[in-house]
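Read off the chains here:
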Amino acid sequence: MITVSIVGASGYGGGELLRLLLAHPEVTVQQVTSERLAGKPVSRAHPNLRKVTNLKFSSMSDLTSCDVLCVALPHGEAMKRCGEL
């Protein structure tokens with residue numbers, strides 16, 4: 001099983017990535033981040049995932065180690081954050 005976390009999962013791209021990964025039989029989505037929605041359920045930003053996952057958004061500062069880290073931040077933000085990720 002591969003563990004995956006998504007940085008910036010509250011936007012459209014992050015939500016679609018999350019939807020696809022949740023359906024993958026060999027992937028476990030470990031964490032999803034959103035600074036604005038930290039502590040809130042994923043369904044707050046993605047109602048289509050309401051009965052699919054119980055994940056809650058966390059802050060980037062709370063990220064733990066994973067096998068794959070996907071970055072779905074707005075244009076230009078990913079490069080600014082590469083050093084800390």
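Look a little higher up for the structure.
Calculation rules
- Residues numbered from 1 in each chain as written.
- Predicted model: local features only at pLDDT ≥ 70, side-chain atom pairs only at ≥ 80, totals over all residues.
- Heavy atoms only, no water.
- Helix = DSSP H or I, 4+ residues; strand = E, 2+ residues; numbered from the N terminus.
- Buried < 20%, exposed > 50% of the residue type's maximum accessible area, 1.4 Å probe, protein only.
- Contact = heavy atoms within 4.5 Å.
- Areas by Shrake-Rupley, 256 points an atom, 1.4 Å probe, with all protein chains shown as cover.
- Lys, Arg positive; Asp, Glu negative; His and termini not counted.
- Charge placed at Lys NZ, Arg CZ, Asp CG, Glu CD.

*Asks:* Can you help me understand the overall build of the protein in this one?
*Replies:* A count of helical and extended segments in the protein gives two helices and four strands. Along the protein, from the amino end to the carboxyl end, the secondary structure elements read β-α-β-β-β-α. Across its three principal axes, the protein shows a C-alpha extent of roughly 35 × 25 × 20 Å. Counting across all 85 residues of the protein, residues that qualify as buried make up 33%. Residue pairs at least 24 apart in sequence account for 66% of intrachain contacts in the protein once pairs closer than 6 positions are excluded. Split by element, the accessible area of the protein, about 5300 Å² in all, is 53% carbon and sulfur. Where the 9 positive side-chain charges of the protein centre and where its 7 negative ones centre are 13 Å apart.

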